[in-house]
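The primary structure of each chain is shown beneath.
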Amino acid sequence: MQDAENVAAPEAAEQLAEPGQPQHPAAEPPRPGEEPSRPAGPGALEAAVGEDAEAGPEPDVPAEPAADGEEKATLGPGSSPPPPEEPPASAPSVGEASAEQARDESAEAGSEGAGGEDGGADEPSFSDPEDFVDDVSEEELLGDILKDRPQEADGIDSVIVVDNVPQVGPDRLEKLKNVIHKIFSKFGKITNDFYPEEDGKTKGYTFLEYASPAHALDAVKNADGYKLDKQHTFRVNLFTDFDKYMTISDEWDIPEKQPFKDLGNLRYWLEEAECRDQYSVIFESGDRTSIFWNDVKDPVSIEERARWTETYVRWSPKGTYLATFHQRGIALWGGEKFKQIQRFSHQGVQLIDFSPCERYLVTFSPLVDTQDDPQAIIIWDTLTGQKKRGFHCESSAHWPIFKWSHDGKFFARMTLDTLSIYETPSMGLLDKKSLKISGIKDFSWSPGGNIIAFWVPEDKDIPARVTLMQLPTRQEIRVRNLFNVVDCKLHWQKNGDYLCVKVDRTPKGTQGVVTNFEIFRMREKQVPVDVVEMKETIIAFAWEPNGSKFAVLHGEAPRISVSFYHVKSNGKIELIKMFDKQQANTIFWSPQGQFVVLAGLRSMNGALAFVDTSDCTVMNIAEHYMASDVEWDPTGRYVVTSVSWWSHKVDNAYWLWTFQGRLLQKNNKDRFCQLLWRPRPPTPLSQDQLKQIKKDLKKYSKIFEQKDRLSQSKASKELVERRRTMMEDFRKYRKMAQELYMEQKNERLELRGGVDTDELDSNVEDWEEETIEFFVTEEIIPLGNPE
Amino acid sequence: MPPWQRRSRPLPGAKGRRPTIRKWRQSPFRSYSHCCFPRVDAGMKPILLQGHERSITQIKYNREGDLLFTVAKDPIVNVWYSVNGERLGTYMGHTGAVWCVDADWDTKHVLTGSADNSCRLWDCETGKQLALLKTNSAVRTCGFDFGGNIIMFSTDKQMGYQCFVSFFDLRDPSQIDNNEPYMKIPCNDSKITSAVWGPLGECIIAGHEGGELNQYSAKSGEVLVNVKEHSRQINDIQLSRDMTMFVTASKDNTAKLFDSTTLEHQKTFRTERPVNSAALSPNYDHVVLGGGQEAMDVTTTSTRIGKFEARFFHLAFEEEFGRVKGHFGPINSVAFHPDGKSYSSGGEDGYVRIHYFDPQYFEFEFEA
């Protein structure tokens with residue numbers, strides 16, 4: 001590359017004169033002979049001379065070959081075919097070192113764009129100014145290349161020790177050597193071997209040295225345990241390993257106590273007097289991230305940072321941490337000032353998942369994964385920041401790949417015909433073995449207990465099967481056989497009280513798919529199952545959180561209906577209400593149940609229906625045009641609908657609604673991407689306490705209403721006050737402007753020939769009043785065929 | 001035949017209607033009093049002016065407000081009675097899209113600038129072309145100074161030519177005859193996209209493609225004041241009636257109010273769409289903004305998302321208090337009638353709409 005910059009002027013001229021010549025000297029392989037000088041054109045020559053003038057001795061030596069080279073260079077191109085490549089360092093030359101240096105120097109000058117003296121009009125000179133001092137170290141200049149510089153090694157890393165080698169006398173040593181060589185040269189070239197002898201016989205072990213440590217490693221990995229014959233099974237180890245394990249101290253050192261790091265109150269936000277919630281907002285196409293307090297009036301900003309995350313953010317399930325994504329890993333933030341709490345280095349991380357207890361974090365990166373060190377999926381301890389375990393992963397299509405039990409004690413993963421359940425904190429397989437379940441299609445943990453539900457499709461004469469399994473006992477508590485199954489979906493109710501398996505079937509003798517809901521009542525003995533048959537296509541299904549109702553969207557667009565069912569305590573499933581002609585494709589239950597938002601996202605233009613399911617009334621029908629997301633706040637008081645820049649490029653905004661569907665705010669944000677509510681941990685109140693609060697609701701509501709009135713009147717007062725000051729300021733400005741305007745009156749009159757035009761009718765005396773009438777005559781002229 | 005050109009073809013949008021030619025007994029339209037005109041039902045129905053075949057580029061009232069000039073991306077320059085939307089006539093001669101129009105204070109002359117690389121001066125009353133000033137590139141903005149003696153126009157940076165502002169003194173006919181402006185200000189960096197004369201004709205205020213505002217002296221050509229408050233192209237500049245302040249409309253979704261002498265930024269009016277034009281009410285502290293999703297983006301979305309509404313803001317509070325729907329494309333130009341009782345808007349859809357305010361408009365007041 002430097003060569004290109006330093007091409008001598010005459011050479012360049014010659015090249016221009018001969019258009020047939022290759023014009024890119026940099027692309028050509030270096031030519032021997034001219035090599036040392038070639039990069040050092042006249043510019044470099046000067047630099048070299050200058051260098052020498054400074055250095056003092058040997059004034060002629062470096063200059064001469066350079067000049068010589070220049071001559072050659074002028075003749076060079078085209079006259080000789082490109083010879084085989086030869087490293088520049090190997091070209092012997094007296095002035096090599098200084099030419100080399102000159103090259104560096106002139107490259108330097110070239111990059112600085114130094115003006116030319118001898119370079120001619122069209123070829124700038126790259127020589128250094130006379131007072132130039134080279135203050136760039138080689139490290140800076142060629143850091144990346146120097147890194148790859150060959151390092152000296154003692155070769156000890158390349159030595160392996162092979163044990164359990166047959167003990168032979170000198171007569172058969174040659175044969176043994178041949179056998180060993182044959183086996184071990186598979187992994188690389190053996191440069192040296194040594195067979196220790198005792199009493200004329202080999203000692204039964206052998207030292208082999210490879211050309212490189214990589215070969216040695218390879219040999220250890222693959223030849224260890226190699227069976228030569230019945231009596232001899234090789235044990236292969238690295239020579240350095242012996243050293244390593246020999247030096248381990250026999251005594252156990254007590255690990256040093258880590259100093260306690262005070263992170264402040266990580267749950268401070270729950271203590272807020274107004275019980276407001278927080279949410280995170282990503283906008284400006286991801287460049288800025290903000291945290292807000294949600295407020296009825298206006299969101300109150302808590303923190304705003306540029307480039308806080310590179311893609312998106314996630315809250316941990318209990319809201320303690322905010323996770324941000326970076327090329328190099330994940331960072332967790334929290335506390336009052338959103339300080340960084342933890343960092344997990346995982347190159348190219350794309351997906352993450354917290355355990356429900358927040359103790360563990362699972363990260364996925366498609367970038368780094370090696371055979372012997374699984375790193376595609378890593379499980380971390382969020383408290384210590386330690387890597388707990390790595391896993392291989394072929395595809396991230398069904399994230400989360402590891403599904404956690406509700407208490408974070410177990411996590412499970414499904415692979416072909418296997419279900420692997422791991423336990424924490426050891427991160428090892430539960431009972432040291434996976435479950436063999438041939439054909440397993442999907443599984444899911446109960447959110448209310450350590451029960452796994454999974455299903456297996458039909459296989460010839462064996463019916464499809466949905467199984468509920470208790471863990472860690474692995475006891476099957478319920479198995480349900482199903483026939484003619486096409487597909488199953490497992491839907492748990494949030495408390496784990498019910499499981500709905502949506503079964504798509506093609507019954508014999510019929511065409512098309514029929515859907516059944518198999519409702520498992522988990523809290524009852526034997527887990528009774530009831531079936532709800534659906535006649536239409538199912539668009540969406542959702543359980544009421546903390547309740548026993550579920551909502552189903554069914555039908556074909558545009559005739560979509562929503563049905564609400566109730567699972568009674570006697571197990572009967574009752575249709576409470578059906579609304580037809582709905583514009584909806586998604587169901588969003590309030591996290592507290594009872595209220596639900598039916599949304600027609602994206603293709604359905606953002607139609608919204610707010611429904612109260614206690615008496616099944618539609619409280620409000622609204623629209624957020626092109627809405628792409630709906631997010632309930634964790635308390636079920638507010639809903640946010642948003643148009644994300646990720647799905648739609650205009651009108652990016654998030655709107656805040658009450659649970660009844662009253663629009664409170666429209667927040668337009670430039671290239672708004674994502675809004676996430678900060679989750680709350682489960683309430684520490686007991687059921688009885690909750691009941692008591694519900695009973696005393698009247699008492700509380702009075703207090704709140706008063707508060708609301710106060711803040712409202714305060715708000716309107718503030719607004720009026722603000723307007724008043726704005727008006728005053730504006731009046732002041734206008735007064736000044738008008739004074740100036742009046743001062744200029746004479747100039748205006750002058751410019752318009754004495755006519756006063758300041759007011760619309762100020763020159764009314766000059767007007768002559770005339771009556772104009774329209775439509776005096778109207779001729780109709782036909783113009784042939786009107787087009 | 002009256003001296004100005006009249007069209008005997010059906011107007012666009014009036015397909016199949018028998019063409020009619022209307023005659024006037026007299027044409028001294030410059031002096032009028034309200035009562036003489038046939039009473040237009042001041043009911044809130046807007047008057048639709050269909051005189052252009054392409055998108056409207058600019059509309060402008062004359063000082064008295066009896067006439068409304070409209071230009072579009074077709075070569076037609078129309079003039080209408082603002083009170084009832086009757087077309088008075090057209091100025092025929094341009095051969096390309098007309099970007100700008102202006103009338104002088106006593107409505108003697110009309111000035112138009114076009115993409116046919118010409119700026120033309122017309123006799124307002126007779127429709128006669130008085131001067132044809134050839135340019136090297138499209139004329140983007142034009143205007144008469146306060147006294148009506150000096151004209152200014154700016155040309156686009158185009159076809160290898162730079163953006164220039166040229167000044168001609170109409171009192172010196174040789175300037176016109178030789179097409180030699182007495183001054184030509186080159187504008188190197190970002191081209192001028194809108195310009196008006198400052199108060200008293202001492203300077204011009206130009207808005208640029210990059211969002212800068214410059215005040216150029218009309219005498220020396222030097223830049224007197226330079227500010228940058230907008231982040232994107234300034235589409236329109238309109239002065240207040242007393243010329244002490246002006247409002248800019250920008251592609252950055254805002255309109256801003258400035259002092260015309262100091263170019264001090266006063267107020268900002270924010271929308272979610274590019275603002276193409278903004279006009280100040282002559283008698284209220286109101287400003288109307290016209291704009292909408294850019295034409296090229298609209299095809300993929302519905303009119304609902306385009307937001308092609310005229311939006312009214314309070315000048316001091318910067319708060320929006322009203323919207324007028326109607327256009328089915330972005331609004332390219334808005335203008336207040338000098339009496340403040342009506343306003344007009346011209347859109348990408350090719351229509352000009354004259355809207356009379358209903359009584360509530362005059363009664364409305366902010367709580368303050």
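Here the structure is a predicted model, which is why all the values come from computation and not from measurement.

Each helix and strand counted, chain A has 12 helices and 44 strands in total. Within chain A, buried positions represent 43% of all 787 residues. Put simply, 45% of the contacts in chain A that link residues at least 6 apart link residues at least 24 apart. In the form shown here, chain A has an accessible surface area of approximately 44,900 Å², with 51% of it arising from carbon and sulfur atoms.

To continue, consider the overall build of chain B. Along the backbone of chain B there are four helices and 29 strands. Taking all 368 residues of chain B together, 61% fall into the buried category. Taking contacts inside chain B between residues at least 6 apart in sequence as the whole, the part at least 24 apart equals 45%. When the accessible surface of chain B is summed, it comes to about 14,200 Å², and 47% of that surface belongs to carbon and sulfur atoms.

A word on a negative patch on the surface. Residues and elements named next belong to chain A. Judged by side-chain charge, Asp134, Asp135, Glu138, Glu139 and Glu140 come together as a negatively charged surface patch. Turning to its location among the elements, Glu139 is positioned in helix α6 (residues 138–147). The class of Glu139 is exposed, set by a relative accessible area of 52%.

In terms of backbone geometry, most residues other than glycine have negative phi values and most peptide bonds are trans. Residue and element names in this part refer to chain A. Here Thr424 and Pro425 are connected by a cis peptide whose omega angle stands at 0 degrees. Its location among the elements puts Pro425 in the loop between β20 (418–423) and β21 (428–429). Cis geometry marks the peptide bond from Leu471 to Pro472; its omega dihedral reads 0 degrees. As for its placement among the helices and strands, Pro472 is situated in the loop between β25 (464–470) and β26 (475–482). Even without being glycine, Arg474 reaches a positive phi, approximately 60 degrees. Tracing the backbone through its elements, the reader meets Arg474 in the loop between β25 and β26. Arg474 sits in the buried class, given a relative accessible area of 18%. Here the phi dihedral of Asn546 falls at roughly 55 degrees; this positive angle occurs in a residue that is not glycine.

Okay, the pattern of salt bridges next. According to the stated counting rule, one finds 37 salt bridges over all chains in the structure shown. For Asp651 of chain A, the salt bridge goes to Arg273 of chain B, with nearest N and O atoms at 2.5 Å. On the criterion of chain membership, the pair formed by Asp651 of chain A in the loop between β40 (638–643) and β41 (653–658) and Arg273 of chain B in the loop between β22 (265–270) and β23 (275–280) is interchain, its members lying in two chains. Connected via shared salt-bridge partners are Glu272, Glu309, Arg311, Glu320 and Arg323 of chain B.

What follows deals with the UniProt feature "repeat: WD" (unreviewed entry) in chain B. In the numbering used here, UniProt assigns the "repeat: WD" (unreviewed entry) feature to residues 49–90, 91–132, 227–268 and 324–354 of chain B. Between the end C-alpha atoms of residues 324–354 of chain B there is a gap of 11 Å, over a span that is 0% helix and 52% strand.

Consecutive residues of a regular strand have side chains that alternate between opposite faces of the sheet. Residue and element names in this part refer to chain B. Taking burial as the measure, the six residues of strand β4 (residues 67–72) include six buried ones, the bulk of the element. Going residue by residue along β4, you find Leu67, Phe69 and Val71 tucked away on one face and Leu68, Thr70 and Ala72 tucked away on the opposite face as well. Here five bridges tie strand β3 (residues 56–61) to β4, and the two strands are oriented antiparallel to one another. Residue pairing for β4: Ile56 is matched across the bridge by Ala72. Where β3 hands over to β4, the hairpin turn is made up of five residues, of which Gly65 adopts a positive phi near 90 degrees. Across five bridges, the pairing between β4 and strand β5 (residues 77–81) is antiparallel. Within the sheet, the bridge partner assigned to Phe69 lies in β5 and is Val79. Linkage of β4 to β5, two consecutive antiparallel strands, is achieved through a turn of four residues.

If a probe the size of a water molecule is rolled over the atoms, the empty space left behind becomes visible. For the coordinates displayed, the defined rule picks out eight cavities of 30 Å³ or more. If you add up the space inside the largest cavity, you get close to 80 Å³. Looking at the largest cavity, the residues that line it are Ala737, Leu740, Tyr741, Gln744 and Arg748 of chain A together with Pro199, Leu200, Asp242, Met243, Thr244 and Thr261 of chain B. Top element by residues in the lining of the largest cavity is helix α11 (residues 697–743) of chain A. It accounts for three residues. Taken together, the residues that form the lining of the largest cavity break down as six nonpolar, three polar and two charged.

On to the confidence of the model for chain A, then. Residue and element names in this part refer to chain A. In the predicted model, chain A carries a mean pLDDT of 79, and 80% of its residues have values of at least 70. In this model, residues 1–100 is a region of pLDDT below 50 whose contacts with residues beyond four sequence positions or in other chains number 97 contacts. In the model, residues 102–120 has pLDDT below 50 throughout and makes 41 contacts with residues more than four positions away in sequence or in other chains.

How each quantity is defined
Residues numbered from 1 in each chain as written. Chains lettered and ligands numbered in written order. Predicted model: local features only at pLDDT ≥ 70, side-chain atom pairs only at ≥ 80, totals over all residues. Heavy atoms only, no water. Helix = DSSP H or I, 4+ residues; strand = E, 2+ residues; numbered from the N terminus. Buried < 20%, exposed > 50% of the residue type's maximum accessible area, 1.4 Å probe, protein only. Contact = heavy atoms within 4.5 Å. Areas by Shrake-Rupley, 256 points an atom, 1.4 Å probe, with all protein chains shown as cover. Patch = residues over 30% accessible without salt bridge, like charges linked within 9 Å, V, L, I, M, F, W, Y side chains within 5 Å. Salt bridge = Lys/Arg side-chain N within 4 Å of Asp/Glu carboxyl O. Lys, Arg positive; Asp, Glu negative; His and termini not counted. Charge placed at Lys NZ, Arg CZ, Asp CG, Glu CD. UniProt positions renumbered as here; feature names shortened; annotations may be inferred. Pairing = 2+ DSSP bridges. 1 Å grid on protein atoms, 1.4 Å probe; cavity = no way out; pocket = protein on both sides within 12 Å on 5 of 7 lines; lining within 4 Å. Points joined across faces, edges and corners; volume = space filled by probe spheres on them. Nonpolar A, V, L, I, M, F, W, Y, C, P; charged D, E, K, R; others polar. pLDDT = per-residue confidence, 0-100.

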